[in-house]
Structure formats: C-alpha cells, structure tokens
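Structural overview for review
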Amino acid sequence: MAFFLEALFGGLMAGMLYALIALGFVLIFKASGVFNFAQGAMVLFAALAMARLSEWIPGWTGLTGKLAVNLLAFAGAFALMIGVAWAIERFVLAKLVNQEPIALLMATLGIAYFLDGFGQTLFGSDIYKIDVGMPKDPIFLLETVFEGGVLISQEDLIAAGIAAALVIALALFFQVTATGRALRAVADDHQAAQSIGIPLERIWVIVWSVAGFVALVAGIVWGSKLGVQFSLSLVALKALPVVILGGLTSVPGAIVGGLLIGVGEKLSEIYLGPYLGGGIEIWFAYVLALLFLLVRPQGLFGEKIIDRV
C-alpha cells in the first residue's frame, strides 16, 4: 500500500504540473476561440528570461541575495511577457479580427516558431539553471502507518501547491470579475462582443498577459526541475491531452484532466509496464485523449456545441 500511495501521490503532483501548462491553452481558447500552439514556446521563452535575468541582475545591480535577485528576475520576465502579449495583439491579432479560426491557428504556429528563434537569439541556446530555493530532498510521510513511510518529493509537493493556487485564482477570475466575463463573451462571438462595447484589443492583451504569467510560473517550476533547455517546449505537448480530457473552455477541467493523466500514466507504467514492455508513460496520455475524442469530443467539462439548421 505504501508503494501504491507513493505512485499515486507522484502521479497527482505530476498531473498538477501538466494542468499548469494546460491552463495557458484554456486561457487563450476562452478569449479567442483558437487553440494556441505557441504555449509551449511561451513557457520556454519565459523560463529563459527568468534564468538569464537571474544571472545578469547581480552583475547589473551588485545584489547578491537570492530572494531579491529572483524577485527582480521574475518582475523583469513578467514585464517581458506583457511586452510579448502587446506585440502579439498589435502585429498579429489586430490584423485577424473576425477572420476564420484556421487563420488564428496558423498565426499561433508562426508565433511559436518566432518565439523559439527569438529566444535563442536573445538569451542563448545553452542549458540554464533556475534556482528559486525549492527543496530537492524527499520527505517521508505516514511513517507510523506504513513501515518506512511514504516517500514524497518536496519539490513536486510545493510545485503542485503553486499550481493549485494559480488554478483556483484563475477560476475565480473568470467567474467573478467583469474582465473574466468579458473574456468569455469575446470567445463566444467577436462581433457581438464588439457591438456591446467590449474592446477586443484590450481583452486580447490582458488574456495573453495572463497566459504569459502562467507560462512564466510553469517555466520556473519545470526549469527548476529539468533545467531550462529548448526541449522544455516539448513538455507542453503533454498538456494537449489534458485539455482534450478536461475541455477546451474549462479551467477546472484542466485540473481534472491533468490529475487523470498524471495518475493514469504513473500507475499504468508501474503496474502494466512489466507486461507491455514499458514506455507506457510516453503514449498513455495520447491514447486516453483519442478514446475521449471518440466518445466525448467536448471533454469532461467542455461545452457541447449543437448547430441547428
């Protein structure tokens, strides 16, 4: 039972990290109605900015304290992501208002390739480190219940807590605030939203800025675990099945989808891997997403679209 709980907790915490990246996809889709293939590039770009600024700031300012340096690097990286959001709205989205969704989809692919190349030009292409003080040593829980206790990664536990807090804050933002309701209105119909006075330019800058903030948090967490390297953008591919399971328009769905995939791939690798030859973690999420597309294409919490003719 202790081993099963270790695998279960590990899957849950990995699932929260997948959900954190999936939030970026959900945010953009809720505001523009298009799937943002640039989210992985945004995670990488934000992580590169955080890693490099934390290296450069001590030389620029003379600061040596880790907390002060990381706070300044975080603020600088977030300001850069807001600048990216403004540039995307001004030079891309503003030109595509009321265009077909496929045009917006192709635009996000172009943004992804641009951010990958621009990030390498601006920050370099080496592997960089992000050190925000997250503990690396594991801890043992329930030692009085199970012999030896249950081994839990402190880093994963803190990262899962950060992801959960961010998810809750964003869910409240969309449901309670006037800006959140405006975002949902824009996603439903651009022209109708414009006709009642909702400014698309401001809404898109806000939502891409929020998505940039989410990408920055995800980049810090994953960069702290894996190091900041260009393969980091591929981690976002694991978020694609998450949003398919949870629903493209559902923030809570991103959590549930992430948890299902995190737990499912971990347990299947441990208990089915010996019989199927291993490697289940690589394809489990995509097979599960395919099955969902066959039986419930809108996902667990997505909105079912019915067209009447």
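Throughout what follows, the structure given in this document is the object of discussion. Not measured: the values here are computed from a predicted model. (Residues numbered from 1 in each chain as written. Predicted model: local features only at pLDDT ≥ 70, side-chain atom pairs only at ≥ 80, totals over all residues. Heavy atoms only, no water.)

**Overview of the overall build of the chain**
A tally of helices and strands in the chain yields 13 helices and 2 strands. Taken over the C-alpha trace, the chain has a radius of gyration of 20 Å; the compact-globule value for 309 residues is 19 Å, and the two agree within 12%. Projected onto its principal axes, the C-alpha positions of the chain cover 65 × 60 × 35 Å. The burial tally for the chain puts 47% of its 309 residues in the buried class. Accessible surface computed for the chain: about 14,800 Å², of which carbon and sulfur atoms make up 67%. Of the side-chain charges in the chain, 16 are positive and 20 negative, and the distance between the mean point of each set is 8 Å. (Helix = DSSP H or I, 4+ residues; strand = E, 2+ residues; numbered from the N terminus. Rg over C-alpha atoms; globule rule 2.2 N^0.38 Å. Buried < 20%, exposed > 50% of the residue type's maximum accessible area, 1.4 Å probe, protein only. Areas by Shrake-Rupley, 256 points an atom, 1.4 Å probe, with all protein chains shown as cover. Lys, Arg positive; Asp, Glu negative; His and termini not counted. Charge placed at Lys NZ, Arg CZ, Asp CG, Glu CD.)

**Section: the pattern of salt bridges**
Enumeration according to the criterion identifies 2 salt bridges in this entry. Salt-bridge contacts for E55 lead to R52; the nearest nitrogen and oxygen are separated by 2.6 Å. Residue E55 and its partner R52 are located together in helix α2 (residues 39-61), separated by 3 residues, close to a single helical turn. Taking relative accessible area as the criterion, E55 reaches 39% and is therefore assigned partly exposed. For R52, a relative accessible area of 15% corresponds to the buried category. K66 serves as the salt-bridge partner of D131, at 3.0 Å between the closest nitrogen and oxygen. In this pair, D131 sits in the loop between α4 (101-123) and β1 (138-141) while K66 sits in helix α3 (residues 66-91), placing the two residues 65 residues apart along the sequence. (Salt bridge = Lys/Arg side-chain N within 4 Å of Asp/Glu carboxyl O.)

**Examining the environment of I21**
For I21, the position within the fold is in helix α1 (residues 2-32). Classification of I21 as buried rests on a relative accessible area of 2%. Placed 123 residues apart in sequence, I21 and T144 show a C-alpha to C-alpha distance of 36 Å. Leave out the neighbours within four places in its chain, and I21 touches Q39, A218, W222, V235, A236 and A239. (Contact = heavy atoms within 4.5 Å.)

**Describing helix α13 (residues 280-295)**
The end-to-end C-alpha distance of α13, which contains 16 residues, comes to 22 Å, matching closely the 22 Å that a straight helix rising 1.5 Å per residue would cover. The set of residues buried in α13 consists of I280, F284, A285, L288, A289 and F292. For α13, the arc enclosing every buried residue in end-on projection is 155 degrees, short of the 170-degree limit, so these residues lie on one face. Of the residues in α13, the exposed ones pointing more than 90 degrees away from the buried face are I282 and L294. Summarising the contacts, the buried residues of α13 are in contact with α10 (239-246), α11 (251-271) and α12 (273-276). (Expected span 1.5 Å × (residues − 1). Arc of directions from axis to C-beta.)

**Quick look at the side chain of S54**
For S54, the position within the fold is in helix α2. Overall, S54 belongs to the buried group, its relative accessible area being 17%. A polar contact is formed between the side chain of S54 and the backbone oxygen of A51, at a distance of 2.7 Å. Apart from the residues lying within four places of it in its own chain, the contact partners of S54 are V69, N70 and A73. (Polar contact = N/O pair within 3.5 Å; in protein donor to acceptor, adjacent residues only side chain to side chain.)

**Concerning the packing of aromatic side chains**
Under the counting rule described, the total for this entry stands at 9 aromatic pairs. Aromatic side chains F45 and F123 sit 5.7 Å apart centroid to centroid with 65 degrees between the ring planes, which places their arrangement in the edge-to-face category. Within this pair, whereas F45 is found in helix α2, its partner F123 is found in helix α4, the two being separated by 78 residues in sequence. There is no split in this pair, since F45 and F123 are both buried. For the ring pair F74 and F213, a centre distance of 5.9 Å and an interplane angle of 90 degrees mean the geometry is edge-to-face. (Phe/Tyr/Trp six-rings, centres within 6.5 Å; stacked < 30°, edge-to-face > 60°.)

**Observations concerning the packing of α2 against α3**
Two elements in contact, α2 and α3, have axes whose closest approach is 8 Å; the angle formed by their N-to-C orientations is 140 degrees. Comparing the axis directions of α2 and α3 gives the class oblique. α2 and α3 meet at a crossing whose hand is right-handed. Contacts from M42, F45, A46, A49, M50, L53, S54, I57 and P58 of α2 reach α3 at V69, N70, L72, A73, F74, G76, A77, L80, M81 and V84. Along the lines of polarity and charge, the residues of the contact of α2 with α3 split into 16 nonpolar, 3 polar and no charged. (Axes fitted to C-alpha atoms, helices over the stretch in contact; angles between N-to-C directions. Parallel < 35°, antiparallel > 145°, perpendicular 65-115°, else oblique. Left-handed = near helix turned anticlockwise from the far one by under 90°. Nonpolar A, V, L, I, M, F, W, Y, C, P; charged D, E, K, R; others polar.)

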